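Okay, here's what each chain looks like letter by letter:
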Amino acid sequence: MSLLSSAGPAASVGSAALGMKTPGALFSGILGSRAVQESLVRRFDLVRYYKVHFVEDARKHLAADSHIVENTKTGIISVSVTAKNPVLASNIAQGYVAELDRVVTNNSTSAARRERIFLEGRLKEIKQDLDDSSKALSQFSTKSRTIDIPSQG
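Residues numbered from 1 in each chain as written. Predicted model: local features only at pLDDT ≥ 70, side-chain atom pairs only at ≥ 80, totals over all residues. Heavy atoms only, no water.

### Description of the environment of Ile-77
Then comes step 1: Position of Ile-77 among the secondary structure elements: in strand E2 (residues 77–81).
Then comes step 2: Remark: the alpha-carbon pair of Ile-77 and Leu-31, spanning 46 residues in sequence, is separated by 9.9 Å. (Helix = DSSP H or I, 4+ residues; strand = E, 2+ residues; numbered from the N terminus.)

See the structure below:
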């Protein structure tokens, strides 16, 4: 639940860009994504559990055993997993939540990091422009014998 409230505008923008109407729809989409499912398959060694040879086959079994539903009125997302072992089912359901948290955190961090890098780059450019302008003014003052306010002030 805290993920839904903390994502706020970022989730709204992301969901709008993907054509989804609510943040819950975006989060449901993330939970049902191939990347999240493959991560869970590897984390819980579901290839062995489902007795298949490929991660893709285990992912399909996991998708069939997982039910992700969003209540559109409340925005609450329900995750239920069916498995022979109830402890494994509980762990996988909690794994879905952990993966959602990881994906949202990585994407939020990535956006903030890109913005920081952009601003640092602009700061360097502006500082260089200021230094160049200061040097040009100093050279002009020297050539034309004008008053250099900083040095004579």
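### What to know about the confidence of the model for the protein
Then comes step 1: Per-chain confidence: the protein averages 82 in pLDDT, with 81% of residues scoring 70 or above.
Then comes step 2: The spread of mean pLDDT over the elements of the protein runs between helix H1 (residues 2–17), the lowest at 46, and helix H5 (residues 55–65), the highest at 94.
Then comes step 3: Every residue in residues 1–17 is under pLDDT 50, and counting partners more than four places away or in other chains gives 20 contacts. (pLDDT = per-residue confidence, 0-100. Contact = heavy atoms within 4.5 Å.)

### Digging into the pairing of E2
Then comes step 1: Where strand E1 (residues 66–70) lies against E2, 5 bridges are found, and the strand directions are antiparallel. Paired with His-67 across the bridge in E2 is Ser-80.
Then comes step 2: In sequence, E1 turns back onto E2 through a hairpin of 6 residues, with Gly-75 there showing a positive phi of about 80°. (Pairing = 2+ DSSP bridges.)

### Points about the pattern of salt bridges
Then comes step 1: Taken as a whole and assessed by the stated rule, the structure comprises 7 salt bridges.
Then comes step 2: Its salt-bridge partner being Glu-56, residue Arg-34 comes within 2.8 Å of it at the nearest N-O pair. Of the two residues, Arg-34 sits in helix H3 (residues 34–43) while Glu-56 sits in helix H5, which places them 22 residues apart along the sequence.
Then comes step 3: Its relative accessible area of 47% is what places Arg-34 among the partly exposed residues.
Then comes step 4: Through salt bridges with shared partners, a single network forms among Arg-34, Glu-56 and Arg-59. (Salt bridge = Lys/Arg side-chain N within 4 Å of Asp/Glu carboxyl O. Buried < 20%, exposed > 50% of the residue type's maximum accessible area, 1.4 Å probe, protein only.)

### Here we look at the environment of Leu-31
Then comes step 1: Among the structural elements, Leu-31 can be located in helix H2 (residues 23–31).
Then comes step 2: In sequence terms Leu-31 and Val-103 are 72 residues apart; their C-alpha atoms lie 9.5 Å from each other.
Then comes step 3: If near-sequence neighbours (up to four positions away) are discounted, Leu-31 is found in contact with Val-36, Gln-37, Ile-68, Ile-77, Val-79, Tyr-96 and Leu-100.

### Some points on the packing of aromatic side chains
Then comes step 1: According to the stated counting rule, one finds 1 aromatic pair in the structure shown.
Then comes step 2: Seen from their ring centres, Tyr-49 and Tyr-50 are 5.0 Å apart, and the 75° between their planes marks the pair as edge-to-face. (Phe/Tyr/Trp six-rings, centres within 6.5 Å; stacked < 30°, edge-to-face > 60°.)

### Details of the packing of H3 against helix H6 (residues 86–144)
Then comes step 1: Direction vectors running N to C along H3 and H6 enclose 130°, while the axes themselves pass 10 Å from each other. Of the possible angle classes, the one that applies to H3 and H6 is oblique. For the element pair H3 and H6, the recorded crossing hand is right-handed. Each of Val-36, Gln-37, Ser-39, Leu-40 and Arg-43 in H3 lies in contact with H6, whose residues at this interface are Ile-92, Gly-95, Tyr-96, Ala-98, Glu-99 and Val-103.
Then comes step 2: By residue class, the composition of the contact of H3 with H6 is 6 nonpolar, 3 polar and 2 charged. (Axes fitted to C-alpha atoms, helices over the stretch in contact; angles between N-to-C directions. Parallel < 35°, antiparallel > 145°, perpendicular 65-115°, else oblique. Left-handed = near helix turned anticlockwise from the far one by under 90°. Nonpolar A, V, L, I, M, F, W, Y, C, P; charged D, E, K, R; others polar.)

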